[in-house]
Amino acid sequence: MKKSIQYNIDNIEQVIRAFALDVDKVPVVTLTGGLGAGKTTIVGSLLRHWGVGEPVSSPTFAYVNIYELCDGRIAYHFDLYRLKNLSEFEAAGFFEYLDQPNSVVLIEWPQIVESALLGNVCRVYLEVLGSKERLITYEIENKNG
């Protein structure tokens, strides 16, 4: 299933409501797009939709932020911009987060881990169309069947 939605960033919450219906139970969501495309904005809006009340920021220097969702799941929000390769991801002990039960993993700049992602994954691509216009394209893949 592949979908695209063109939107104005002032209406992001409407887009997230539609997007969340598709990705609500997908354990891994990757977000790809250039600097300023809106990856962290999408993650923050999605986490708010799932009941997170605290501010959401990009974990650029911490690599991962952890949030509790209103349904009891744990969300692991990664920003891998500063990691150079899969070995660094593994050395940091981050693979264990990918297999946690009752959780969702949201990964900005996922290129270095793409080959290691198994199972249900939603791949999100963001494109800047104008100062406030964006295009989100996403596809849910199931590598196990």
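All of these numbers come straight from a predicted model, not from anything done at the bench. (Residues numbered from 1 in each chain as written. Predicted model: local features only at pLDDT ≥ 70, side-chain atom pairs only at ≥ 80, totals over all residues. Heavy atoms only, no water.)

A look at the overall build of the protein
In step 1: Check the secondary structure of the protein and you find 4 helices and 7 strands.
In step 2: In terms of overall size, the protein behaves like a compact globule, its C-alpha atoms giving a radius of gyration of 14 Å where 145 residues would be expected to give roughly 15 Å.
In step 3: Principal-axis analysis of the C-alpha atoms places the extent of the protein at approximately 40 × 35 × 30 Å.
In step 4: The proportion of buried residues among the 145 residues of the protein is 46%. (Helix = DSSP H or I, 4+ residues; strand = E, 2+ residues; numbered from the N terminus. Rg over C-alpha atoms; globule rule 2.2 N^0.38 Å. Buried < 20%, exposed > 50% of the residue type's maximum accessible area, 1.4 Å probe, protein only.)

Some remarks on the packing of aromatic side chains
In step 1: Following the criterion strictly, the structure yields 10 aromatic pairs and no others.
In step 2: Taken together, a centroid distance of 5.5 Å and an interplanar angle of 80° make the contact between F78 and Y97 edge-to-face. Of this pair, F78 sits in strand β4 (residues 74–79) while Y97 sits in helix α4 (residues 95–98), and the two are 19 residues apart along the sequence.
In step 3: Its relative accessible area of 0% is what places F78 among the buried residues.
In step 4: Given the relative accessible area of 17%, Y97 is considered buried. (Phe/Tyr/Trp six-rings, centres within 6.5 Å; stacked < 30°, edge-to-face > 60°.)

A word on the nonpolar core
In step 1: Counting 27 residues, the largest nonpolar core has F19, I42, L47, V124 and I136 as the members making the most contacts within it.
In step 2: Contacts of F19, omitting those with residues within four sequence positions, involve V29, I42, L46, C122, V124, I136 and Y138.
In step 3: Counting residues in each nonpolar core, the second largest holds 17 residues, with V28, F78, V105 and I107 among its members. (Core = buried A, V, L, I, M, F, W, Y, C linked by side-chain atoms within 4.5 Å. Contact = heavy atoms within 4.5 Å.)

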